[in-house]
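Structural features, examined
Single-letter residue listing:
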Amino acid sequence: MAAPAWGKTSVGHAVHALLRDAGVQHALVEGDTFDLAWPPPWEHRLSMRNLAAVWANYRELGYRRLVYTNTVSVLEADELAAAMGDEPRITGVLLTASDDVVATRLAGRESGDELAAHLERSARAARRLAADTPTWMPRVATDGREPAEIAAEIFSLLQWGVGGRP
């Protein structure tokens, strides 16, 4: 039987649970949905505009911490900070997985031509992330691990300020 296919959304929810249980006020936002449209609105930076709007609402209610999950957000620290305003401290973590694990994760939600196209996009993104993610940002392996275990590692990084933008 194949190992469970956990990804960034499952890990984000596990980080949320740890923060909640520790009494840390925060918001969790799945950034991949901020520009999920056809035709893709990337050239309009819609994801950043939507983040700015959503974060303004949380900030107005007194929130000061955001757990933001997004495929390439580790490459967009400056843009995320600008969208949020008020000069936030960014703490990033790159989740890593083997090609086999990624294929299993994607096969759980895609099929046929969509799976093939998503596998290709994922491979391109993985190459870009491996090459372009800043060296100061920690990498956390996910293969063979439960979301709670991965979240605990991330939580310990957050507590010690590791992975913060220089």
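Residues numbered from 1 in each chain as written. Predicted model: local features only at pLDDT ≥ 70, side-chain atom pairs only at ≥ 80, totals over all residues. Heavy atoms only, no water.

**Structural notes on the overall build of the protein**
Looking only at helices and strands, the protein has 6 helices and 4 strands in total. What you see in the protein, going N to C, is helices and strands ordered as α-β-α-β-α-β-α-α-β-α. Relative to a compact globule of 166 residues, whose C-alpha radius of gyration would be 15 Å, the protein shows 16 Å and is just as compact. With the principal axes as the frame, the protein shows a C-alpha extent of 45 × 35 × 30 Å. Residues counted as buried form 33% of the 166 residues belonging to the protein. (Helix = DSSP H or I, 4+ residues; strand = E, 2+ residues; numbered from the N terminus. Rg over C-alpha atoms; globule rule 2.2 N^0.38 Å. Buried < 20%, exposed > 50% of the residue type's maximum accessible area, 1.4 Å probe, protein only.)

**Some remarks on helix α5 (residues 112-132)**
Taking 1.5 Å per residue, 21 residues should reach 30 Å; α5 reaches 30 Å between its end C-alpha atoms and fits that length. Buried within α5 are the following residues: Leu115, His118, Ser122, Ala125 and Leu129. Axial view of α5: buried residues confined to an arc of 95 degrees, hence all on one face. For α5, the exposed residues lying more than 90 degrees away from the buried face are Asp113, Arg127 and Ala131. (Expected span 1.5 Å × (residues − 1). Arc of directions from axis to C-beta.)

**Quick look at the pairing of strand β2 (residues 66-69)**
Pairing geometry for strand β1 (residues 27-30) and β2, over 4 bridges, is parallel. Looking at the pairing, glutamate 30 lines up with threonine 69 of β2. Handedness of the crossover joining β1 and β2 through helix α2 (residues 46-60) is recorded here as right-handed. (Pairing = 2+ DSSP bridges. Right-handed = clockwise from strand over helix to strand, strands pointing away.)

**Concerning the packing of aromatic side chains**
Evaluation of the coordinates by the stated rule reveals 3 aromatic pairs. Ring plane angle 75 degrees and centroid distance 5.3 Å describe the contact between tyrosine 58 and tyrosine 63, whose orientation is recorded as edge-to-face. Tyrosine 63 sits in the partly exposed class, given a relative accessible area of 22%. The structure contains a cluster of three or more aromatic residues connected by ring pairs, namely Trp55, Tyr58 and Tyr63. (Phe/Tyr/Trp six-rings, centres within 6.5 Å; stacked < 30°, edge-to-face > 60°.)

**Thoughts on helix α1 (residues 8-21)**
Taking 1.5 Å as the rise per residue, α1 with 14 residues should run 20 Å; its terminal C-alpha atoms sit 20 Å apart, in good agreement. Here α1 has its buried residues at Val11, Gly12, Ala14, Val15 and Leu19. Looking straight down α1, one finds that the buried residues subtend no more than 165 degrees of arc, so they occupy a single side. Glycine 23, located one to two residues past α1, shows a positive phi value of around 75 degrees.

**A look at unusual backbone geometry**
Cis geometry is found at the peptide bond from tryptophan 38 to proline 39, where omega equals -5 degrees. With respect to the helices and strands, the residue proline 39 is situated in the loop between β1 and α2. For aspartate 86, which is not glycine, the phi torsion reads 45 degrees and is therefore positive. Structurally, the position occupied by aspartate 86 is in the loop between α3 (77-84) and β3 (94-96).

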